[in-house]
Amino acid sequence: MGLRDLFRRHTFEHGIHPPDHKALTAGLSIRRLPFAPYLVIPLSQHAGAPATPLVKKGQDVARGEPIAEANGFVSVPMHAPASGVVDDIRLMPSARGPKSLSIVIRVYEGSPQRVEYESPRNVDDMTPEQIVEAVQATGMVGLGGAAFPTHVKMRPPKEHTVDTVVVNGCECEPYLTCDHRLMLEKPDELIAGIKIALRATGAKRAVIGIEDNKMDAVEVLSARVRSEALIDVQAVPTKYPQGAEKMLIESLLHRRIPPGSLPSSVGVSVFNVGTLVQIGELLPTGRGLIERVVTVTGAGIRQPGNYLVPVGTPIRYLLEHVGANEPVHELILGGPMMGMSVAALDVPVTKAMSGMVVLPPPKQSKQLPVMACIRCAYCVEACPMHLNPSTLGLLATKREYQKMAADFHLNDCFECGCCTYVCPSNIPLVQYFRIAKAINRERAA
Ligand code: SF4
Ligand code: SF4
């Protein structure tokens, strides 16, 4: 089979083609970052209930040791990313905005990279239920940015049958390349993770979807799966937001998820490649999730790259280590389309943080004025969810938030930012929609 056979030309409707800026880091191998003197582990780094501390102030902890337990099914435990002593358990700044209860670890000088807590096991002997429990015990959440506990995704609602695992290797956000590097450098761990996901969900096959700007990854993985009857690799056209679950399922399988429904309603479970690489590594060793690969990039960074970073590493330490040009004008956590701009550098790297884009001050002020909507419909043509962002934006300015949800499908918007990107009037549409959803949620509570 030639590379041409790996292309799937079908794609979702609409979307945009922003410049990808990936050349800065795509060719750079993953490098390990040393431990910061202090690590800050928020107890809520995932969707669902925050974890409950298992340790006390002054207690010694070893690298890999569980330090907080899951608080219910939709929750995950935390593990010590380095050996040290619990300095405190207190409210600390977090990237989510409000301060978050966190375990602060003072790392021992010369703390070893060796993981001290593990219990190797034979995954082949485990039942699907045991796999789901073991995945929860790793503390694994979606590493693509959603932070949804992975074990919950592995147990779809009883009324749904999953026949296909979709492996999301699109990495469609500009700048980010951590998943690209993982596909090139850890193909065996990825395949091991996919097999675990197949067994846990009961699916009969897996398809790895990769955007066609990463043909080296397509080649590496298609060679690797040649002997795997249940796993396919497909290249999909490069287009943002190809990596959104709904878009990728439509491109690969021609299945459309009804509004408000889960991928499992159309027989699919979707996992990000970074998540499955970690599952493939952690489950056989019985380790917890204590580090992740983070793309640190942008014109404000002297040594852009993909770094293996202990969870809890303060961003200030990370930026000092890779040489951020002072002053930092803008720091975006995640990619520029769906990530969030943060003002404080004293927040820690969390499990779901896939990247950091650092921009220097612009040579000329780029603060463009917001102007009136000119009804050009560019936003309508860009929206992959077939919404009308122009009308939604107008309603937002009139604070008609409930009408936006009731009559104009506000809740189908997954905040991809395509509409804002194309708007010639510089209307911050996606920001309006975030505010509208938050206010509706508050009113409903
Ligand atoms: S942010 Fe929402 S409304 Fe705007 S293009 Fe994306 S899905 Fe559509
Ligand atoms: S892209 Fe901007 S100016 Fe054009 S219709 Fe949409 S909101 Fe109006």
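Everything below is about the structure printed above this text.
Keep in mind the model is a prediction, meaning the values are calculated, not measured.

(A) Structural context of the packing of helix α10 (residues 389–397) against helix α11 (residues 401–408). Packing of α10 against α11 brings their axes to within 8 Å, and their N-to-C directions diverge by 155 degrees. When the axes of α10 and α11 are compared, the pair comes out roughly antiparallel. Only Tyr 401, Lys 403, Met 404 and Phe 408 of α11 make contact with α10, whose side of the interface consists of Thr 391, Leu 392, Leu 395 and Ala 396.

(B) Geometry of the site of ligand 2. Surrounding ligand 2, one finds Cys 373, Ile 374, Arg 375, Cys 376, Ala 377, Cys 379, Ser 390, Cys 423, Pro 424, Ser 425, Ile 427 and Leu 429. A per-class count over the shell around ligand 2 returns nine nonpolar, two polar and one charged.

(C) Fine view of helix α4 (residues 187–201). Here α4 contains 15 residues, and its C-alpha end-to-end distance of 21 Å stays within 8% of the 21 Å for a straight helix at 1.5 Å per residue. All buried positions along α4 are accounted for by Pro 187, Leu 190, Ile 191, Gly 193, Ile 194, Ile 196, Ala 197, Leu 198, Ala 200 and Thr 201. Trailing α4 by a residue or two, Gly 202 shows a phi angle of about 80 degrees, which is positive.

(D) Up close: the site of ligand 1. Close to ligand 1 lie 13 residues; Cys 383, Cys 413, Cys 416, Gly 417 and Cys 419 are nearest. Of all the elements in the fold, those that place two or more residues in the shell around ligand 1 are α12 (418–422) and α13 (429–444). Per-class residue counts for the shell around ligand 1 are eleven nonpolar, one polar and one charged.

(E) Expanded view of the pairing of strand β8 (residues 97–107). When strand β2 (residues 38–42) meets β8, the two strands line up antiparallel, connected through five bridges. Residue pairing across strands places Pro 42 opposite Ser 102, the latter belonging to β8. Looking at chain direction, strand β7 (residues 84–94) and β8 are connected through nine bridges and run antiparallel. Note that in β8 the partner of Met 92 across the bridge is Ser 100.

(F) Representation of the packing of aromatic side chains within the structure. Under the defined criterion, the tally for this structure stands at zero aromatic pairs. Note that Lys 153 overlies the ring of Phe 271, its terminal NZ or CZ placed 5.8 Å from the centroid. One Lys or Arg, Lys 239, reaches over the ring of Phe 12 and ends 4.2 Å from the middle of that ring.

(G) How the structure looks around the sheet that holds strand β3 (residues 52–53). One open sheet accounts for three strands, arranged β3-β5-β6; its pairing is antiparallel. Taken across any chain shown, the strands that pair with only one partner, and hence form the sheet edges, are β3 and β6 (78–79).

(H) Structural context of helix α3 (residues 178–185). The buried count for α3 comes to six of eight residues, which makes it a mostly enclosed element. Within the sequence span of α3, burial applies to Cys 178, Asp 179, His 180, Arg 181, Leu 182 and Met 183.

(I) Geometry of the nonpolar core. One finds Leu 190 and Ile 194 to be the most contacted residues of the largest nonpolar core, which totals 49 residues. Contributions of two or more residues to this core are made by α1 (128–138), β9 (164–169), α3, α4, β10 (205–211), α5 (215–224), β11 (231–236) and α7 (273–285). Top element by residues in this core is α4. It accounts for seven residues. In this structure, Ala 80, Val 309, Ile 315 and Leu 319 belong to the second largest nonpolar core, which totals 39 residues.

(J) Examining the environment of Gly 305 more closely. Within the secondary structure layout, Gly 305 lies in strand β14 (residues 305–310). For Gly 305, a relative accessible area of 0% puts it in the buried group. Sequence-wise, Gly 305 and Val 294 are eleven residues apart; in three dimensions their C-alpha atoms are separated by 8.3 Å. Setting aside anything within four residues of it in sequence, one finds Gly 305 in contact with Thr 25, Leu 28, Arg 31, Val 294, Thr 295 and Val 296.

(K) Representation of the pattern of salt bridges. The full count for this structure, using the stated rule, is 18 salt bridges. When the shortest N-O distance is used, the salt bridge between Glu 211 and Lys 214 registers 4.0 Å. Residues participating in the shared-partner salt-bridge network are Asp 188, Lys 195, Arg 224 and Glu 228.

(L) Expanded view of unusual backbone geometry. Of note, the amide linkage connecting Tyr 240 to Pro 241 takes the cis form, showing an omega dihedral of 0 degrees. Here the phi dihedral of Glu 171 falls at roughly 45 degrees; this positive angle occurs in a residue that is not glycine. For Glu 171, the position within the fold is in the loop between β9 and α3. Of note, the phi angle at Arg 399 is positive, near 60 degrees, even though the residue is not glycine. Checked against the element boundaries, Arg 399 lands in the loop between α10 and α11.

(M) The arrangement of the sheet that holds β11 in detail. Taken together, the four strands give an open sheet; going across it, the order is β11-β10-β9-β12, and neighbouring strands pair in parallel fashion. Two strands lie at the open edges of the sheet, namely β11 and β12 (268–272), each paired on one side alone. Between one strand axis and the next, the sheet turns through 25 degrees on average, direction left out of account. Pairing of β10 with β11, which is carried by six bridges, proceeds in the parallel orientation. In the strand pairing of β11, Ile 210 is matched with Ala 235.

The rules behind each value
- Residues numbered from 1 in each chain as written.
- Chains lettered and ligands numbered in written order.
- Predicted model: local features only at pLDDT ≥ 70, side-chain atom pairs only at ≥ 80, totals over all residues.
- Heavy atoms only, no water.
- Axes fitted to C-alpha atoms, helices over the stretch in contact; angles between N-to-C directions.
- Helix = DSSP H or I, 4+ residues; strand = E, 2+ residues; numbered from the N terminus.
- Parallel < 35°, antiparallel > 145°, perpendicular 65-115°, else oblique.
- Contact = heavy atoms within 4.5 Å.
- Near = heavy atom within 4 Å.
- Nonpolar A, V, L, I, M, F, W, Y, C, P; charged D, E, K, R; others polar.
- Expected span 1.5 Å × (residues − 1).
- Buried < 20%, exposed > 50% of the residue type's maximum accessible area, 1.4 Å probe, protein only.
- Pairing = 2+ DSSP bridges.
- Phe/Tyr/Trp six-rings, centres within 6.5 Å; stacked < 30°, edge-to-face > 60°.
- Lys NZ or Arg CZ within 6 Å of the ring centre and 35° of its normal.
- Core = buried A, V, L, I, M, F, W, Y, C linked by side-chain atoms within 4.5 Å.
- Salt bridge = Lys/Arg side-chain N within 4 Å of Asp/Glu carboxyl O.

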